[in-house]
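Observations on the model geometry
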Amino acid sequence: MGVTEILRAAAAPYGLTVDDGLAAKLEIYARELAAWNEKLNLTAIRDEQGVAVKHFLDCLLVTQCADFSSGTLIDVGTGAGFPGLVLAAAFPGLSVTLLDSTGKKLAAVESIAKEMGVSNVAFIHARAEEAGRLPAYRERFDFVTARAVAALPVLLEYALPFARTGGAFFAMKGAAAGEELTAAANALAVLHGEVVKEYDFTLPGGDERTVFCIKKISQISPKYPRPSAQLTKKPL
Ligand code: SAM
């Protein structure tokens, strides 16, 4: 089985279909990931099954939480493009910004997006806590996403400044999601975030996943995000 067959079979039980256009783009994505992995450690998941399920399906399942067909989205700490580039490929009407502090990864992802023919993407090479203070990006996005970037109390301070009031941050978490949420109570209060939905699922193979949909209730103090050292040493 190739990536498309694996993905379609794995997605069906969730009621998710992958049309031919998206499948063709994701085939290119998988091929390009493998090629870039030869020169750069883009992703530790390298086998077709893993790429189809742990990357593509995991990212596509965020779409169970909201309608991403239009609007603006920023993916914080996108790495090899997850989930941002998958969502850009799935929704040509969504305007996607991929942000990462590692320039080499971002350059690879830009090249991969070109190969895939995905043009609704922009790229920001910056630390989240610095870009989140800039008027061009602060409070500008309908949707914010992040997967495997930091524990929730820190992640909220990276992500919520980008969301407009009424927008939402989708935090993609693993098995420790519950504990992370408990630890994030103060950060949610300080940064005016409210968990409005929680989507729990198990990926084929058994990985437990949770997506927290966190609504930005109102503008947050200009004090946040704090500089890197403070933010990570003393999480809210
Ligand atoms: N989101 C991708 C995924 O799920 O496969 C990448 C995860 S990777 C483990 C974490 C990524 O976050 C890295 O590419 C790293 O450069 C980026 N990152 C970590 N802290 C960041 C920060 N403060 N600002 C921007 N990017 C950051």
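In what follows, the accompanying structure is described. (Residues numbered from 1 in each chain as written. Predicted model: local features only at pLDDT ≥ 70, side-chain atom pairs only at ≥ 80, totals over all residues. Heavy atoms only, no water.)

1. So, the site of the ligand
- Of all residues adjacent to the ligand, which total 17 residues, the nearest are Gly77, Phe82, Asp100, Ala128 and Arg147.
- For the ligand, an oxygen atom lies 2.9 Å from a polar atom in the side chain of Thr102.
- Protein coverage of the free-state accessible area of the ligand, which is 600 Å², stands at 80%.
- When atom positions are compared with the pocket grids, the ligand is found to occupy the largest pocket.
- Elements with a minimum of two residues in the shell around the ligand: strand S2 (94-100) and helix H6 (128-131).
- The class makeup of the residues in the shell around the ligand is seven nonpolar, five polar and five charged. (Near = heavy atom within 4 Å. Polar contact = N/O pair within 3.5 Å; in protein donor to acceptor, adjacent residues only side chain to side chain. Areas by Shrake-Rupley, 256 points an atom, 1.4 Å probe, with all protein chains shown as cover. 1 Å grid on protein atoms, 1.4 Å probe; cavity = no way out; pocket = protein on both sides within 12 Å on 5 of 7 lines; lining within 4 Å. Sits in = over half its atoms within 2 Å of the grid points. Helix = DSSP H or I, 4+ residues; strand = E, 2+ residues; numbered from the N terminus. Nonpolar A, V, L, I, M, F, W, Y, C, P; charged D, E, K, R; others polar.)

2. Topic: the environment of Tyr199
- Mapped onto the fold, Tyr199 is located in strand S6 (residues 193-202).
- Of the residues examined, Tyr199 reaches a relative accessible area of 17% and is grouped as buried.
- Sequence-wise, Tyr199 and Val211 are twelve residues apart; in three dimensions their C-alpha atoms are separated by 5.1 Å.
- The residues touching Tyr199, leaving out its near neighbours within four places in the chain, are Tyr14, Leu61, Gln64, Cys65, Arg209, Thr210 and Val211. (Buried < 20%, exposed > 50% of the residue type's maximum accessible area, 1.4 Å probe, protein only. Contact = heavy atoms within 4.5 Å.)

3. Section: the sheet that holds S6
- As summarised here, the arrangement of the seven strands in space is S3-S2-S1-S4-S5-S7-S6, forming an open sheet in which the pairing is mixed. Of all the strands in the sheet, just strand S3 (121-125) and S6 have a single pairing partner and so form its edges. Along the sheet, successive strands turn relative to each other by an average axial angle of 20°, direction set aside.
- Here S2 runs beside S3; their pairing, made up of five bridges, is parallel. Counted as the bridge partner of Leu99 is Ile124 from S3.
- Against the sheet, helix H7 (residues 152-159) makes contact with strand S1 (71-76), strand S4 (141-147), strand S5 (163-173) and strand S7 (208-216), and its axis sits at roughly 145° relative to S5, the strand it touches most. (Pairing = 2+ DSSP bridges. Axes fitted to C-alpha atoms, helices over the stretch in contact; angles between N-to-C directions.)

4. Some points on the nonpolar core
- The biggest cluster of nonpolar side chains holds 56 residues, and the ones touching the most others in it are Tyr29, Phe56, Leu85 and Phe170.
- In this structure Phe56 touches Val3, Leu7, Leu26, Tyr29, Ala30, Val51, Phe82 and Val86, once residues within four positions along its chain are discounted.
- In terms of nonpolar packing, the next biggest core, distinct from the first, is built from 33 residues, Leu99, Val154, Ala184 and Ala187 among them. (Core = buried A, V, L, I, M, F, W, Y, C linked by side-chain atoms within 4.5 Å.)

5. What about a negative patch on the surface?
- On the surface, Glu5, Glu27, Asp47 and Glu48 cluster together into a patch of negative charge.
- Mapped onto the fold, Glu48 is located in helix H3 (residues 48-60).
- Residue Glu48 is classed as partly exposed on the basis of its relative accessible area of 42%. (Patch = residues over 30% accessible without salt bridge, like charges linked within 9 Å, V, L, I, M, F, W, Y side chains within 5 Å. Salt bridge = Lys/Arg side-chain N within 4 Å of Asp/Glu carboxyl O. Lys, Arg positive; Asp, Glu negative; His and termini not counted. Charge placed at Lys NZ, Arg CZ, Asp CG, Glu CD.)

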